[in-house]
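Next come the chains, spelled out residue by residue.
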Amino acid sequence: MNDRQEKHFNRSRASLQQAISWYASFRRHWNYPPDEKLQAEVKEDLQALKGALDKLDRKAIRIATFGLVSCGKSSIINGLLGQKILPTGPFHGVTKFPQSVRWNPLNSEIEIELIDTPGLDEVAGEARAKIAREFAQGADLILFVVAGDITRTEYDALWELRSCQKPLILVFNKIDLYPDRDRDSIYYQLQLLNAGHDPKDLDKIIYTDDIVMVSAQPQPIQVRVESADGTVATGVENPAPQLEELRTAIIKILEREGTSLLALNALVQARDAENNIAKKTVQLRQKQAHDIIWKYARYKAIAIAANPIPLLDVIGGLGTDLALIRSLARLYGLPITNHEAGELWRKIVASSGALLLGEIASNLILGVGKSGVALTHAFSSPGAFTVYSTTAGLQGAIAGYGSYVVGQVAKVYLEQGCTWGSLGASTVMSEILAQVEPNTIIYRLRQELFSL
Ligand SMILES: Nc1nc2c(ncn2[C@@H]2O[C@H](COP(=O)(O)OP(=O)(O)OP(=O)(O)O)[C@@H](O)[C@H]2O)c(=O)[nH]1
Ligand SMILES: [Mg+2]
């Protein structure tokens, strides 16, 4: 293992351990009672997290074969192992269920599982894509097996598997039956299937170097045997499998990238599990989240309306927003530090553009105006008091609205496992702003202020 690989491995391990200790602990429920329903729902994801760490610790690399029925997936695994462990045969659909066997070509601590799968065309459309995706997600390296002309189904499946971002070797099997084929002619065939797409797209699924030619179980050949006495008999000879090229390609990838691949895959699995946990927690705690956001929006509206000291509005407002973000994170049982809460707030304000900056500006302007009225007139005249309370009410309601928006945006961020998900911060922000009608919220907050 070189330094870079070791670093990837250690980082990934630490990250998984941290996630497991957090999600498995009661600490994450903080002052909320542990919710049995929630615990039952996330059990599987916790198991997946532990499984990913276990696989990482065992240094187990999964290599999975994919391909149409009868292209020779099982024969290739037997050939690599050097013994016929898996059943093979000329009939369609010999392999009915995925199966894994151990292989140790490097004589090292790295454990390799070769996974045999049923033919991709054994299962119908949608289901096939789903199964392929699931298996590919669990694999660290994919052997995509073809034999003969590449079909549209195979081309589509290649795309599907490639979207999992795993290294892939395109194995052309049965070369004994197609002696005229070479890497270039196979790449050319893929180019034809890629017609209509950007030629660069093909490089996203395969390079010529990723194509290897093998013959896992060459056809027996008839031989003429001439004896010393001149009699001629015909016999059958079984040529040896030709798998050297594939073996070399796999070992090269494993030596160069094996541990990093493991680390990366463990992290991908952990991310999926964490996202699932976050999603389920959020679903079960939707109502409480809404109550928390509304509660903070009200607090802030009242506090800011009532506070006569300028600038304290701005500082106090920030404090309320941070407390709101932390309360939401606690509700969801998600790990978030004070620093992260601050960063998140900063990002929300920055990407909200005019809206929340407007809130801060209105705090400064209305805040100063409000205190000016209070100081100069010292509440001596009823008119001054009306000016004060109207300005204060509006300022409070606007501030409350700001908190409401911060809460909604923070909720989405936390719901997506502390990422903006596939959307950027600004997209999330503008989507939420489009859904949160300022006038209604400000109106509601003002109503509440004046009913006090
Ligand atoms: N000529 C030739 N035949 C091969 C080669 N490799 C496999 N075969 C034959 O192809 C047939 C299918 O091989 P399998 O290994 O069972 O194929 P598979 O992809 O596992 O098939 P399913 O499990 O049914 O999806 C068998 O009859 C093999 O003997 C090869 O390199 N050359
Ligand atoms: Mg098979």
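The structure presented is a predicted model; accordingly, all values stated were derived computationally and were not measured. (Residues numbered from 1 in each chain as written. Chains lettered and ligands numbered in written order. Predicted model: local features only at pLDDT ≥ 70, side-chain atom pairs only at ≥ 80, totals over all residues.)

1. Observations concerning the packing of helix H1 (residues 3-23) against helix H8 (residues 244-284)
With their axes 8 Å apart at the nearest point, H1 and H8 run at an angle of 20° to one another. Put simply, H1 runs roughly parallel to H8. Taken as a pair, H1 and H8 cross one another with a handedness that is left-handed. Contact with H1, carried on its side by Gln-5, His-8, Phe-9, Arg-11, Ser-12, Ser-15, Leu-16, Ala-19 and Tyr-23, involves Thr-259, Ser-260, Leu-262, Ala-263, Ala-266, Leu-267, Ala-270, Glu-274 and Ile-277 of H8 and no other residues of that element. Here the residues of the contact of H1 with H8 are counted per class, giving 10 nonpolar, six polar and two charged. (Axes fitted to C-alpha atoms, helices over the stretch in contact; angles between N-to-C directions. Helix = DSSP H or I, 4+ residues; strand = E, 2+ residues; numbered from the N terminus. Parallel < 35°, antiparallel > 145°, perpendicular 65-115°, else oblique. Left-handed = near helix turned anticlockwise from the far one by under 90°. Contact = placed C-beta atoms within 7 Å. Nonpolar A, V, L, I, M, F, W, Y, C, P; charged D, E, K, R; others polar.)

2. A closer look at the site of ligand 1
Surrounding ligand 1, one finds 26 residues, the nearest of these being Ser-74, Ser-75, Thr-88, Thr-95 and Gly-119. It is helix H3 (residues 73-81) that provides the largest number of residues to the shell around ligand 1, a total of three residues. Looking at the shell around ligand 1 residue by residue, the class counts come to eight nonpolar, 15 polar and three charged. (Near = placed C-beta within 6 Å.)

3. Overview of the pairing of strand S3 (residues 111-116)
Of the strand pairs in this sheet, strand S1 (residues 60-67) and S3 are connected by five bridges, and their pairing is parallel. Across the sheet, Ala-60 pairs through a bridge with Glu-111, a residue of S3. (Pairing = 2+ DSSP bridges.)

4. Quick notes on helix H2 (residues 36-57)
End to end, H2 covers 30 Å across 22 residues, agreeing with the expected 32 Å (1.5 Å per residue, within 8%). A bend of about 45° at Val-42 is the largest found in H2. Among the residues of H2, those classed as buried are Val-42, Asp-45, Leu-49, Ala-52, Leu-53, Lys-55 and Leu-56. On its buried face, H2 is in contact with H1, S1 and H8. Looking one or two places after H2, you find Lys-59, whose phi comes out positive at around 55°. (Expected span 1.5 Å × (residues − 1). Bend = angle between axes of the 7 residues up to and from the residue. Buried ≥ 20, exposed ≤ 12 C-beta atoms within 10 Å, placed from the backbone.)

5. Brief notes about unusual backbone geometry
Positive phi is not limited to glycine here, since Lys-59 has a value of about 55°. Turning to its location among the elements, Lys-59 is positioned in the loop between H2 and S1. Assessed through the 16 C-beta atoms surrounding it within 10 Å, Lys-59 is described here as partly exposed.

6. Quick notes on the confidence of the model for the protein
Detailed reading of the predicted coordinates is not advisable wherever pLDDT is low. Residues with a pLDDT of 70 or more make up 81% of the protein, whose mean pLDDT is 80. Here residues 372-385 scores under 50 on pLDDT; set against residues more than four positions off or in separate chains, the count is nine contacts. (pLDDT = per-residue confidence, 0-100.)

7. Overview of the nonpolar core
Ile-63, Ile-142, Phe-144 and Val-171 are the most contacted members of the largest nonpolar core, which has 92 residues in total. Per-element accounting of this core gives the leading share, 12 residues, to H8. Composition of this core by domain shows at least three residues from each of domain 1 (3-275) and domain 2 (285-450). Residues contacting Phe-144, with those up to four places away along its chain left out, are Phe-66, Gly-67, Leu-158, Leu-161, Leu-168, Leu-170 and Val-171. (Core = buried A, V, L, I, M, F, W, Y, C linked by C-beta atoms within 7 Å. Domains from an automatic or database assignment.)

8. Digging into the sheet that holds strand S2 (residues 99-103)
Taking strand neighbours across the sheet as the criterion, the six strands line up as S2-S3-S1-S4-S5-S6 in an open arrangement whose pairing is mixed. At either end of the open sheet lies a strand with only one pairing partner, and these are S2 and strand S6 (211-213). With direction set aside, neighbouring strand axes in the sheet form an average angle of 25°. In the sheet, S1 pairs with strand S4 (residues 141-146) via five bridges, with the strands oriented parallel. Looking across to S4, one finds that Thr-65 is bridged to Leu-143. Helix H5 (residues 152-162) rests against S1, S4 and strand S5 (168-172) of the sheet, and its axis sits at about 180° to S4. Sheet strands in contact with H8 are S1, S4, S5 and S6, and its direction is about 130° off that of S1.

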